[in-house]
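Each chain is listed here by its residues.
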Amino acid sequence: MGARLSRSDFQWVYTDEPHTTRRKEMLQKYPQIKQLMGHDWRIAAQVVVTVLIQLIMAVLVRDLSWRYVWLFTYVISGTLNHSLSISFHEIGHNLAFGNHRPLANRILGYIANLPLCIPSSVTFKKYHIDHHKFQGDDLLDPDLPTYFEAWLFQSRIGKIIYIAAQPLLYGVRPLLRVPKPLTLLEVVNLIIEFVFDGLVMYFLGRKSFVYLFFGTVLGLGLHPISGHFISEHYIFVEGYETYSYYGPMNYITYNVGYHNEHHDFPNIPGYLLPKLKKIAPDYYDNLPCHTSWIKVIIDFVRDPNLGPKSRIRRTMRSDALRANNAIDFKSKTKVNEVLNDIDNNNNHHTQHLSKEERILNYKKKISGKTSDSSSIVEHMNNEHSKQE
């Protein structure tokens, strides 16, 4: 059980994330994909039904023995609270009510957050958008494990603890990697959640609070659904950095398993991602995928080649922003210009280069152009505050 993983470092690449290029190719080949973009009312319906079930269960468990409280906490509350946490993903992309109704999306996020007992819906959105824009970036992707995590959780026992600690790591990691200032919306989220927690304790008691709170802690930890944390971007097959899961748990998790599809088109609701796969089978059927999140967890723990370091890292986008002094942040336009230049170069210039040529080209672009990387984070924080 103490065997350490054999991977000595993250996998460093000198190419950009693949989804922007795929998106452009697919839209040219299958323009009907645009008809799937938008929002889906079923997201809000599923959230409301799940929250109501959790509130009813919180009432029912208050008179049960502790043995059954803990059983229902893991099996029922763990499953439903994890499902609600995944709804943040859909809501964060404004897929419940659309981009034109931001207030409705925020309110739904607050409602979905209630049974989790930990304020997180607003903070999730704040960091998750950067994960899409800067996937795998050593400095800017908040989803990448820290170097401390990679060092600490190397053994099999360590990897079990790593999975069990996902609620803590998933919440703290962005604050350490790409810290951003607290926003008013987060304060509102915190107040609503703490008031709800107090009401549960006062009117229903400890058992009901344990059912809800530890449903979050256990459900997002060593739980079958937590396989999605590992399955999405950890390297199970060399050369691939995003993986989809096609299995029955998608029905209660807003099709979050369709992860390649989601990264290709973040503005398509999860309910419609299976249709995307059917429209463009040549882009998905030949990609490696998962069919069991439980097997993902078991393989992650047992395979010495898998661990926190089994992630692709790159510095292309953060280096491009540094080199072009693109973080004055009146500068959202300027940042987008730099990122668009990267996308265009990927499409027209680097796609036929060898690995050695790409590395040489990459080093030439950034040579002699340096600036303090902390300024990138600082300016990103300022820009985000303005947007909020």
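Note that the coordinates shown come from a computational prediction; the quantities given were computed from them, not determined experimentally.

Attention now moves to the overall build of the protein chain. Along the backbone of the protein chain there are 19 helices and four strands. Within the protein chain, the proportion of its 388 residues that are buried is 52%. If you take every contact in the protein chain between residues at least 6 apart in sequence, the share linking residues at least 24 apart comes to 79%. Entry remark: accessible area of the protein chain is about 18,100 Å², with carbon and sulfur atoms responsible for 62%.

Residues other than glycine seldom take positive phi values, yet Asn 94 does so here, at roughly 60°. Tracing the backbone shows Asn 94 in the loop between helix H3 (66–92) and helix H4 (102–113). Not every positive phi belongs to a glycine, and Tyr 254 is a case in point at roughly 60°. In this structure, Tyr 254 sits in the loop between strand S2 (244–245) and helix H12 (259–264). We classify Tyr 254 as buried; its relative accessible area is 3%.

With 84% of its residues at a pLDDT of 70 or more, the protein chain shows a mean pLDDT of 88. A low-confidence stretch, residues 349–355 (pLDDT under 50), is modelled with seven contacts involving residues beyond four sequence positions or located in other chains. Note on residues 362–388: pLDDT under 50 across the span, and 42 contacts to partners over four residues away in sequence or across chains.

Right, let's talk about helix H9 (residues 184–203) for a bit. With 20 residues, H9 extends 29 Å from end C-alpha to end C-alpha; this agrees with the ideal 28 Å at 1.5 Å per step. Inspection of H9 places Leu 185, Glu 186, Asn 189, Glu 193, Phe 196, Asp 197 and Val 200 among the buried residues, and these make up the whole buried set. On an axial view of H9, the arc spanned by its buried residues comes to 105°, and they lie on one face. Exposed and oriented more than 90 degrees from the buried face of H9 are Leu 184, Tyr 202 and Phe 203.

A few words on the nonpolar core. For soluble globular proteins, the rule of thumb is that nonpolar side chains tend to be buried together. Val 47, Leu 84, Leu 108 and Ala 112 are the most contacted members of the largest nonpolar core, which has 19 residues in total. Taken together, the elements giving at least two residues each to this core come down to helix H2 (41–60), H3 and H4. Apart from residues lying up to four places away in sequence, Val 47 is in contact with Leu 84, Ser 87, Ile 91, Leu 108, Ala 112 and Tyr 254. Listed in part, the 13 residues of the second largest apolar core include Leu 36, Tyr 258, Leu 272 and Tyr 283.

In this structure's numbering, the residues bearing the UniProt feature "transmembrane region" (unreviewed entry) are residues 43–61, 68–87, 107–124 and 210–230. Taken as a whole, residues 107–124 contains 61% helix and 0% strand, while its terminal C-alpha atoms sit 14 Å from one another. This span, residues 210–230, is 67% helix and 0% strand, and a straight line between its end C-alpha atoms measures 27 Å.

We now examine the pattern of salt bridges. Once the charged atoms of two side chains with opposite charge are near each other, the side chains can pair. All told, the structure shown has 13 salt bridges when counted by the stated rule. We note a salt bridge from Arg 317 to Asp 16, for which the minimum N-O separation is 2.6 Å. Of this pair, Arg 317 sits in helix H16 (residues 316–323) while Asp 16 is found in the loop between strand S1 (11–12) and helix H1 (19–29), placing the two residues 301 residues apart along the sequence. On the accessibility criterion, Asp 16 (8% relative accessible area) is buried. Here Lys 180 and Asp 130 are joined by a salt bridge, their closest N and O atoms 2.4 Å apart. On the criterion of sequence distance, the pair formed by Lys 180 in the loop between helix H8 (166–177) and H9 and Asp 130 in helix H5 (residues 121–133) is long-range, its members being 50 residues apart.

Attention now goes to a nonpolar patch on the surface. A surface patch of nonpolar side chains, amounting to about 1,200 Å² of accessible area, comprises Leu 182, Leu 184, Val 187, Val 188, Leu 190, Ile 191, Ile 192, Phe 194, Val 195, Leu 199, Tyr 202 and Phe 203. Among the structural elements, Leu 190 can be located in helix H9. Relative accessible area serves as the criterion here: at 38%, Leu 190 is assigned to the partly exposed category.

Mapping Arg 314 onto the fold places it in the loop between strand S4 (312–313) and H16. Given a relative accessible area of 1%, Arg 314 falls into the buried group. At a separation of 2.7 Å, a polar atom in the side chain of Arg 314 contacts the main-chain carbonyl oxygen of Thr 15. If near-sequence neighbours (up to four positions away) are discounted, Arg 314 is found in contact with Trp 12, Val 13, Thr 15, Asp 16, Glu 17, Gln 135, Gly 136, Asp 137, Asp 138 and Glu 241.

In this structure the tally under the stated criterion is 14 aromatic pairs. With 6.1 Å between their ring centres and 75° between their planes, Phe 236 and Tyr 243 make a pair best called edge-to-face. The buried category is assigned to Tyr 243, whose relative accessible area is 1%. Centroid distance Tyr 246 to Tyr 258: 5.0 Å. Interplanar angle 70°. Geometry classified as edge-to-face. In this pair, Tyr 246 is assigned in the loop between S2 and H12 and Tyr 258 in the loop between S2 and H12, connecting sequence segments twelve residues apart. Classification of Tyr 258 as buried rests on a relative accessible area of 13%. Through successive ring pairs, a cluster of aromatic residues spans Trp 70, Phe 209, Phe 213 and Phe 214. Over the face of the ring belonging to Tyr 246 we find Lys 277, whose NZ or CZ atom lies 4.8 Å from the ring centre.

Procedures and definitions
Residues numbered from 1 in each chain as written. Predicted model: local features only at pLDDT ≥ 70, side-chain atom pairs only at ≥ 80, totals over all residues. Heavy atoms only, no water. Helix = DSSP H or I, 4+ residues; strand = E, 2+ residues; numbered from the N terminus. Buried < 20%, exposed > 50% of the residue type's maximum accessible area, 1.4 Å probe, protein only. Contact = heavy atoms within 4.5 Å. Areas by Shrake-Rupley, 256 points an atom, 1.4 Å probe, with all protein chains shown as cover. pLDDT = per-residue confidence, 0-100. Expected span 1.5 Å × (residues − 1). Arc of directions from axis to C-beta. Core = buried A, V, L, I, M, F, W, Y, C linked by side-chain atoms within 4.5 Å. UniProt positions renumbered as here; feature names shortened; annotations may be inferred. Salt bridge = Lys/Arg side-chain N within 4 Å of Asp/Glu carboxyl O. Patch = residues over 30% accessible without salt bridge, like charges linked within 9 Å, V, L, I, M, F, W, Y side chains within 5 Å. Polar contact = N/O pair within 3.5 Å; in protein donor to acceptor, adjacent residues only side chain to side chain. Phe/Tyr/Trp six-rings, centres within 6.5 Å; stacked < 30°, edge-to-face > 60°. Lys NZ or Arg CZ within 6 Å of the ring centre and 35° of its normal.

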